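# Chain and residue survey
For reference, the chains in residue letters:
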Amino acid sequence: GGTVARASHSLACSLSLSSMVPSTSLLPPATLLTNCFRASLFRSQPGLDSSWQCVCFRNLKRKPKLYLIPARHFSSTCSSDTAPLRLKTRATSGVSEVQRSTQSNSVNGMKEFEMELQELFNEVKAMVKNGKERDAMELLRANYVAVKEEIDSGSKGIEQAALLDIIALGYMAIGDLKPIPALLDMINKIVDKLKDSEPLLDSVLMHVGSMYSALGMFENALLTHQRAVSILENRYGESDTLLVTPLLALAKSFGSYGKATKAVSVYQRAVAILERNRGSESEDLVVPLFALGKLLLKEGKADEAEIPFTRILGIYKKTYGEKDGRVGMAMCSLANAKCTKGDADEVVDLYKNALRIIKDSNYMAMDNAILENMRIDLAELLHFVGRGNEGRELLEECLLINERCRGKNHPSTATHLINLAASYSRSKNYVEAERLLRTCLNIMEESVGSEDQSITFPMLNLAVTLSQLNHDEEAEQVALKVLRIREKAFGKESLPVGEALDCLVSIQARLGRDDGEVLGLLKRVLTIQEKEFGSSAEELIITLQKILHFLEKLEMKDDKFKFRRRLALLRERYKQSFSF
């Protein structure tokens with residue numbers, strides 16, 4: 001064999017890891033409470049005339065958030081020369097010279113080669129960790145040139161496939177996905193001609209399948225994982241624990257490819273293997289049970305999903321006792337499964353107990369992001385069941401913890417201020433809501449400037465709040481600024497622009513602005529909704545209702561008939577009654 005090349009480290013690093021990772025916005029759009037409250041602000045504020053409630057542009061069905069304990073690895077009770085490569089996600093060793101073994105046809109030679117591959121991958125990760133992405137890419141390119149020469153000269157065996165696999169994994173670690181499809185294609189052309197008995201083949205296939213999944217190429221991932229499972233079944237039988245990890249990957253591929261029934265069956269098989277080998281109360285069952293429950297929830301089978309989450313809770317209680325933090329985490333996931341069924345009061349009690357256990361056990365730091373999200377989820381539920389004061393106390397606790405840990409004017413306080421403002425708006429305390437929103441805007445302007453798109457979320461909330469306080473002139477100016485910023489940031493036909501337009505329409509209708517101009521804005525809203533949701537979507541009903549109102553005011557009879565018929569068809573389709 002040739003030499004696994006090592007790049008020179010004299011190059012200065014000009015790339016940073018952060019430059020390859022998409023930045024998160026200051027106000028995470030996935031914050032469930034904020035989105036839910038924003039929608040309720042726009043849709044149900046009594047201060048606005050009921051004809052002009054803003055249309056929600058988001059799906060408000062609650063998406064359960066599941067909290068998973070760190071996963072365990074599954075291995076056979078006996079060692080194997082061809083066990084899957086264990087590639088860690090963080091650098092664990094320094095830089096070393098790596099050479100390919102010349103005895104790779106022997107068992108010892110393959111072991112040595114496997115170690116060299118691991119060292120190469122560790123070296124790449126160490127470079128990335130130390131901010132030397134440029135050096136890491138040079139190292140990967142050098143190894144690619146070396147293995148490409150071997151392939152071109154006729155060497156197309158497991159060694160070449162395994163090295164290409166490590167090179168592809170290296171690019172994944174760097175965050176550069178562009179070379180990966182071509183590398184995977186090269187690997188496939190080699191492994192397709194290899195016998196299943198080749199050492200390391202199952203490992204390479206598992207890695208390739210995972211990379212296909214990461215790229216969204218789920219059919220390729222499915223086929224690759226199926227072959228890996230078949231190889232291990234022929235080698236170890238159909239009940240060995242070495243099958244569990246590949247089966248979980250296969251099940252995930254089935255689920256991602258839209259074959260949920262097969263995915264459930266594979267998850268259940270993984271559970272059965274572990275039960276047979278480790279017992280029905282083994283902690284190793286947590287990972288497949290969690291994946292199974294999550295998939296069942298996604299498929300809308302809340303009753304079935306509750307079963308695996310209940311088992312997880314029982315396993316943790318028996319293993320660690322009822323006061324362990326992992327028990328609290330499992331209770332939160334079970335609470336979310338029950339929430340999907342609609343057991344709101346029971347979910348609140350379960351959540352409260354979970355948070356108390358996590359806090360008392362010191363399982364997480366008080367400012368931990370997962371724990372913070374749990375508090376926000378519980379606050380949302382408390383508002384939903386009419387216990388707004390309790391929910392608001394939780395939101396205030398989130399704000400106080402954030403201020404204590406990060407400072408009063410830290411940008412991360414913005415989300416908490418918005419959530420609190422939304423809570424006060426629900427209780428009709430618009431004066432306090434206005435104060436909180438202005439505080440939030442001051443913090444964000446200091447952080448990102450007055451023209452950044454992220455600032456428009458609290459700004460639009462402020463426009464609605466000002467309208468509640470009958471400050472309609474100022475509310476209109478704020479809404480117009482939101483519209484201008486969003487048009488520039490997202491485009492004139494984007495959903496965020498439609499949301500701003502709908503809010504502006506509500507305010508201008510109260511102010512008695514020109515009916516023709518308001519009608520023009522409403523038609524823009526309708527166009528955006530049609531583009532996003534389709535011409536027969538339920539979201540169009542309220543907008544069509546508003547358009548009809550203005551057509552009647554403007555005595556535009558010809559247009560009115562067309563929109564009236566369309567509204568009637570949609571009402572019949574969704575069997576809802578809307579009244580002005």
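Model, not experiment: these values are computed from the prediction.

Attention now moves to the confidence of the model for the protein. For the protein, the mean per-residue pLDDT works out to 82, and 81% of the residues sit at or above 70. Note that pLDDT drops below 50 for residues 1-105; the model gives that stretch 270 contacts with residues more than four away or on any other chain.

This part is about helix 3 (residues 133-152). Each turn of an α-helix holds 3.6 residues, which means side chains three or four residues apart point in the same direction. With 20 residues, helix 3 extends 28 Å between its outermost C-alpha atoms, agreeing within 8% with the 28 Å of an ideal straight helix rising 1.5 Å per residue. Of all the residues in helix 3, the buried ones are Glu-133, Asp-135, Ala-136, Met-137, Leu-139, Leu-140, Asn-143, Ala-146, Val-147, Glu-150 and Ile-151. Gly-154, located one to two residues past helix 3, shows a positive phi value of around 110 degrees.

For the rest of this paragraph, the subject is the side chain of Gln-508. Structurally, Gln-508 can be placed in helix 20 (residues 495-511). Discounting chain neighbours no more than four positions away, the residues touching Gln-508 are Glu-476, Arg-513, Val-518 and Leu-521.

What follows deals with the UniProt feature "repeat: TPR" (unreviewed entry) in the protein. Per the UniProt record, "repeat: TPR" (unreviewed entry) is found at residues 202-235. Helix makes up 91% of residues 202-235 and strand 0%, with an end-to-end C-alpha separation of 10 Å.

Two descriptors summarise a pair of aromatic rings, namely the distance from one centre to the other and the angle between the planes of the rings. Enumeration over the complete set of coordinates arrives at two aromatic pairs. Arranged with centres 5.9 Å apart and planes meeting at 80 degrees, the rings of Phe-290 and Phe-309 form a pair that is edge-to-face. Highlighted residues: Phe-290 in helix 10 (residues 286-298) and Phe-309 in helix 11 (residues 302-320), separated in sequence by 19 residues. Pair check on accessibility: Phe-290 and Phe-309 agree, each one buried. Judged by centre distance (5.9 Å) and plane angle (35 degrees), the ring pair of Tyr-316 and Tyr-320 falls under tilted.

Below, the discussion takes up the pattern of salt bridges. Inspection of every chain in the model, using the stated rule, returns 29 salt bridges. With its nearest N and O atoms 3.1 Å apart, the salt bridge here joins Arg-141 to Glu-138. Taken together, the positions of Arg-141 and Glu-138, both in helix 3 and three residues apart, correspond to about one turn of that helix. The partner of Asp-185 in a salt bridge is Lys-189, with the nearest N and O atoms 3.5 Å apart. Of this pair, Asp-185 and Lys-189 both sit in helix 5 (residues 180-191), four residues apart, which is roughly one turn of the helix.

Moving on, we get to the environment of Ala-509. Relative to the elements of secondary structure, Ala-509 occurs in helix 20. Take Ala-509: its relative accessible area is 22%, and that puts it in the partly exposed class. It is 10.0 Å that separates the C-alpha atoms of Ala-509 and Leu-519, two residues lying ten residues apart in sequence.

Ranked by internal contacts, the top residues of the largest apolar core, which has 114 residues, are Phe-309, Ile-312, Tyr-351 and Met-374. Among the nonpolar cores identified, the runner-up in size contains 45 residues, and Ile-166, Ile-167, Ile-190 and Met-211 belong to it.

Attention now moves to the environment of Glu-150. With respect to the secondary-structure elements, Glu-150 resides in helix 3. The exposure class assigned to Glu-150 is buried, which follows from its relative accessible area of 13%. Placed ten residues apart in sequence, Glu-150 and Gln-160 show a C-alpha to C-alpha distance of 7.7 Å. A polar atom in the side chain of Glu-150 sits 2.8 Å from the side chain of Gln-160.

Analysis parameters
Residues numbered from 1 in each chain as written. Predicted model: local features only at pLDDT ≥ 70, side-chain atom pairs only at ≥ 80, totals over all residues. Heavy atoms only, no water. pLDDT = per-residue confidence, 0-100. Contact = heavy atoms within 4.5 Å. Helix = DSSP H or I, 4+ residues; strand = E, 2+ residues; numbered from the N terminus. Expected span 1.5 Å × (residues − 1). Buried < 20%, exposed > 50% of the residue type's maximum accessible area, 1.4 Å probe, protein only. UniProt positions renumbered as here; feature names shortened; annotations may be inferred. Phe/Tyr/Trp six-rings, centres within 6.5 Å; stacked < 30°, edge-to-face > 60°. Salt bridge = Lys/Arg side-chain N within 4 Å of Asp/Glu carboxyl O. Core = buried A, V, L, I, M, F, W, Y, C linked by side-chain atoms within 4.5 Å. Polar contact = N/O pair within 3.5 Å; in protein donor to acceptor, adjacent residues only side chain to side chain.

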